[in-house]
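Tertiary structure, described
Here is how the chains run, residue by residue.
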Amino acid sequence: AISGASSSTLLAVGRKGEVFQGDGRQWRQIDSGTNAHLTDCCWHDSNTAYACGKNGTVLRITENASELLVEPAFTESLWSICSFEGRILAAHSKGIVEITDDGFVPVEIPAETAGQLVTHGSRLWSIGTYDVLSYDGKAWTQLHCADNE
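Structural notes, computed from the coordinates. In this text, all values refer to a predicted model and were calculated from it rather than measured experimentally.

Some points on the sheet that holds strand S13 (residues 115-120)
Sheet architecture is open: four strands sit in the order S13-S14-S15-S16, paired in antiparallel fashion. Each edge of the open sheet is held by one strand with a lone partner, namely S13 and strand S16 (140-143). Across the sheet, the mean angle from the axis of one strand to that of its neighbour is 20°, orientation sign disregarded. Summarising the sheet, S13 and strand S14 (residues 123-128) pair through six bridges and their orientation is antiparallel.

Structural data, given as structure tokens:
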């Protein structure tokens with residue numbers, strides 16, 4: 001997965017905990033402290049990024065370092081992570097968690113599945129195996145998908 005805060009502030013993550021930061025000209029590897037497969041990454045601001053992956057792995061990444069955020073009771077693989085309205089949200093196959101300094105907090109959603117999080121404008125979208133949700137910062141709306149019935 002790859003994400004950019006700008007054309008000169010890039011992050012790429014992947015297999016076996018690989019994390020690379022790029023400046024638009026070259027890439028350098030950063031020690032992630034994990035060998036878990038990383039599935040997605042996002043920028044929270046121009047200095048801080050997050051990555052997620054298998055077995056509940058979450059990393060907070062700054063310019064030259066990464067910090068492994070651990071929630072011992074949480075072992076679901078995380079497939080997607082995003083920054084939305086100042087919050088860091090990560091999706092697994094059965095739901096969404098907010099990543100906070102105090103741990104991973106479940107987010108109540110009106111659906112059984114999540115999986116992929118995408119922001120567009122002032123909305124957060126969650127696309128799961130059977131469910132599509134839209135969040136405007138106040139309430140979730142479940143969209144009807146005839147193909148999923």
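With respect to the sheet that holds strand S8 (residues 66-69)
Strand pairing in a sheet relies on backbone hydrogen bonds, with the paired strands running either antiparallel or parallel. A sheet is described by the order of its strands in space; here four strands give the open sequence S5-S6-S7-S8, paired in antiparallel fashion. Edge positions in the sheet fall to strand S5 (38-43) and S8, since each has one partner strand and no second. Between one strand and the next, the sheet's axes are offset by a mean angle of 20°, whatever the strand orientation. For strand S6 (residues 49-53) and strand S7 (residues 58-61), the ladder comprises four bridges, and the chain directions are antiparallel. Bridge assignment links Ala 49 to a residue of S7, and that residue is Ile 61.

So, how was this worked out
- Sequence order as written defines the numbering, with residues in each chain counted from 1.
- In keeping with the model being predicted, local features are shown solely for residues with a pLDDT of at least 70 and side-chain atom pairs are shown and tallied solely at 80 or more, while totals for entire chains, interfaces and linings include all residues.
- Note that the side-chain values use all heavy atoms of the structure and ignore hydrogens as well as water.
- Between any two strands, at least two bridges found by DSSP are needed for them to pair.
- In this description a helix means any DSSP run of H or I spanning at least four residues, a strand means any run of E spanning at least two, and both kinds are numbered starting from the N terminus.
- Every angle, taken between N-to-C directions, lies between 0 and 180 degrees, and every axis is a line fitted to C-alpha atoms, over only the stretch in contact when it is a helix.

This is a description of form; function is not addressed.
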